[in-house]
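Here is what each chain is made of, one letter per residue.
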Amino acid sequence: MDLKSGKFYWETTLPNTTTYSILEEDICCDVLIIGGGSSGAQCAYYLSETDLDVVVVDKRKIGTGSTSVNTALIQYLGDKMLFELVNTFGEKTAIHHTKLCEEAINDMERTSQMMDIDPEFYRRDSLYYASDQAGVEKLNNELYYLQKHNFKVDYLTERQISERYPFKKEAALYLYQDGEINPLKYNHGLLLEVQKKGVRVFEKTRINGKQFQKDGATFFTENGYSIKARHVIIAAGYEGLEFKQEKNAVISSSYAVVTNQVESFTDWYKQTLIWETARPYIYMRTTKDNRVIIGGLDDNTTYADDRDSKIMHKKDKLIEEFNKLFPTIEVYPEYYLGAFYGGTHDGLPMIGQYDEFPNCYFVFAYGDNGLVYSGVMAKILKDVIAKGAHSAMSLYHQSRSAAAFNKK
């Protein structure tokens, strides 16, 4: 899959990435993880806490797939709003999911503090503003459930917003303790940590065949070697759909720019994450070296050539949208991209198990919080594989149905 095109920023922040071996022998393990991006690395990290023998393989150089273009706003709310999840799945399930996301962010912060590589994790509050009058009603619905379940949030009026920011919006939610991270550094930092615990990591090792046994599976590499495992996690991001099509998955295209370094963010209150109620929406954050990441303007194309033909126009439009909010901050795009983006029809990420892939688990961390979702599902799969079960597995299993949850 042609995942991305453009001029990329994160790779400039980690120019001398770790080189991992290419698999050149037949091996056995307890758990094989196919994919060394954010989902695979987080699965490896949690499984490294067990006594299981774990192997990670990636067909590319580690971190050069979708992880390298992840804009990495770390939030517990998603593009399907909490009240909408309540309407679909029921209040108990929606809140459980949101609490798990909040917990995953806390875990990410703790993990970041222990790494040899600084992944630039910073706590940031979020401003979630109403794009229009319909958005005001949505925010009020959202506020009800957030306050009911003790999430730390303030409702800001138009006056309160204009006191903090150089723009006017009718209403906004001010959410505390979200975050931002450098996804490439986090990815490599995790894999360096798991190698210390004996996890074997291989890059430029493409899988092109498979056989299933009663007690496991054998996957074959393009170079003719085999990996025999009792359990397999397919954490291949959007390319997981090349292994198995999933009817709940939706692929579209998204765009982002990374600006020049900015001298001052005085007008940008606490350098909050910013996003809006419109769909598709514009979102923005800052970086450690004082740049701005602006993303959004998603469209439904699933053709790389069509996506890429729009990059220059989307680049200019994203800058224009930023200027509407911050007219005194002078920015221009130094880096820009178009990339495939995955979501789900029902608004929750998925763990897939299929009869034709016995002993295999698919991680579909699809949605705008992919890094957070990966953490949630990696933690679940650790218990499912090591202990046989996890209480939240049914919430993310691909066989779920809204009707089933609403009956609970």
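Computed from a prediction, not measured in an experiment: that's the story for all the values here. (Residues numbered from 1 in each chain as written. Predicted model: local features only at pLDDT ≥ 70, side-chain atom pairs only at ≥ 80, totals over all residues. Heavy atoms only, no water.)

S.K.: I would appreciate a short explanation of the overall build of the chain in the present structure.
M.R.: Scanning the chain from terminus to terminus reveals 13 helices and 18 strands. For 408 residues, the compact-globule formula gives about 22 Å, and the C-alpha radius of gyration of the chain, at 21 Å, lands near that figure. Oriented by its inertia axes, the alpha-carbon framework of the chain measures out at about 65 × 50 × 40 Å. Here the chain, with 408 residues, has 61% of them falling under the buried criterion. Counting only contacts in the chain whose residues sit at least 6 apart along the sequence, the fraction spanning at least 24 positions is 76%. When the accessible surface of the chain is summed, it comes to about 16,800 Å², and 45% of that surface belongs to carbon and sulfur atoms. Side chains of the chain carry 47 positive and 56 negative charges; the gap between the two charge centres is 3 Å. (Helix = DSSP H or I, 4+ residues; strand = E, 2+ residues; numbered from the N terminus. Rg over C-alpha atoms; globule rule 2.2 N^0.38 Å. Buried < 20%, exposed > 50% of the residue type's maximum accessible area, 1.4 Å probe, protein only. Contact = heavy atoms within 4.5 Å. Areas by Shrake-Rupley, 256 points an atom, 1.4 Å probe, with all protein chains shown as cover. Lys, Arg positive; Asp, Glu negative; His and termini not counted. Charge placed at Lys NZ, Arg CZ, Asp CG, Glu CD.)

S.K.: Help me understand the pairing of strand β9 (residues 207-213) in this model?
M.R.: A regular strand places its side chains on the two faces of the sheet in alternate fashion. Here six bridges tie β9 to strand β10 (residues 216-221), and the two strands are oriented antiparallel to one another. If you follow G209 over to β10, its bridge partner there is F220. Taking the residues that link successive antiparallel strands as the turn, the β9-β10 hairpin has two residues. (Pairing = 2+ DSSP bridges.)

S.K.: Got a minute to help me understand the packing of helix α4 (residues 91-112) against helix α11 (residues 370-387) in this structure?
M.R.: Each pair of packed helices gets described by two things: the angle between the helix axes and the distance between those axes. Taken N-terminus to C-terminus, the directions of α4 and α11 make an angle of 95°; their axes are 9 Å apart at the nearest point. Here α11 runs roughly perpendicular to α4, going by the angle between their axes. Where α4 approaches α11, its residues H97, L100, C101, E103, A104, I105, D107 and M108 are matched on the opposing element by L371, V372, Y373, G375, V376 and K379. Among the residues forming the contact of α4 with α11, the class breakdown is nine nonpolar, two polar and three charged. (Axes fitted to C-alpha atoms, helices over the stretch in contact; angles between N-to-C directions. Parallel < 35°, antiparallel > 145°, perpendicular 65-115°, else oblique. Nonpolar A, V, L, I, M, F, W, Y, C, P; charged D, E, K, R; others polar.)

S.K.: Please clarify how helix α5 (residues 133-148) should be interpreted in this entry.
M.R.: Think of an α-helix as turning once every 3.6 residues; residues three or four places apart then point the same way. In this model, α5 (16 residues) spans 23 Å end to end at C-alpha, consistent with the 22 Å of a helix rising 1.5 Å per residue. Structurally, α5 contributes buried residues whose contacts are with α3 (82-89), α4, β5 (122-129), β6 (153-157) and β7 (171-180). The opening residue of α5 is D132, an N-cap whose side-chain oxygen sits 3.2 Å from the backbone nitrogen of A134. Where α5 terminates, the next one or two residues include N150, which has phi positive at roughly 65°. (Expected span 1.5 Å × (residues − 1). Polar contact = N/O pair within 3.5 Å; in protein donor to acceptor, adjacent residues only side chain to side chain.)

S.K.: Would you mind showing me how to read the packing of α3 against α5 here?
M.R.: Running from N to C, α3 and α5 cross one another at 75°; their axes reach a closest spacing of 8 Å. Accordingly, the angle class assigned to the pair α3 and α5 is roughly perpendicular. Along its contact with α3, which presents L82, F83 and V86, the element α5 presents K138, N141, E142, Y145 and L146. Looking at the contact of α3 with α5 residue by residue, the class counts come to five nonpolar, one polar and two charged.

S.K.: Just to check I follow, could you spell out helix α7 (residues 183-196) for this structure?
M.R.: With 14 residues, α7 extends 20 Å between its outermost C-alpha atoms, agreeing within 8% with the 20 Å of an ideal straight helix rising 1.5 Å per residue. Most of α7 is tucked away: eleven of the 14 residues are buried. Those residues of α7 that are buried are in contact with α1 (10-13), α2 (38-47), α4, β8 (200-202) and α11. Capping the start of α7 is the job of one residue whose side-chain oxygen sits 3.1 Å from the backbone nitrogen of L184: N182.

S.K.: Looking at this model, I keep getting lost on the pairing of strand β16 (residues 333-344). Mind explaining?
M.R.: The buried fraction of β16 is high, at nine of twelve residues. As paired elements, strand β1 (residues 4-7) and β16 share four bridges and run antiparallel to each other. Note that in β16 the partner of G6 across the bridge is L337. The pairing of strand β12 (residues 249-259) with β16 spans eleven bridges and is classified as antiparallel. Across the sheet, residue Y255 finds its bridge partner in β16, namely G338.

S.K.: Can you walk me through the state of the cysteines in this structure?
M.R.: By definition, a disulfide is the covalent link that joins the sulfur atoms of two cysteine residues. Counted under the stated rule, the structure contains zero disulfides. Unpaired in terms of disulfides, C43 finds its nearest cysteine sulfur in C360, a separation of 13 Å. Of the cysteine sulfurs around C101, a residue in no disulfide, the closest is that of C43, at 15 Å. (Disulfide = S-S within 2.5 Å.)

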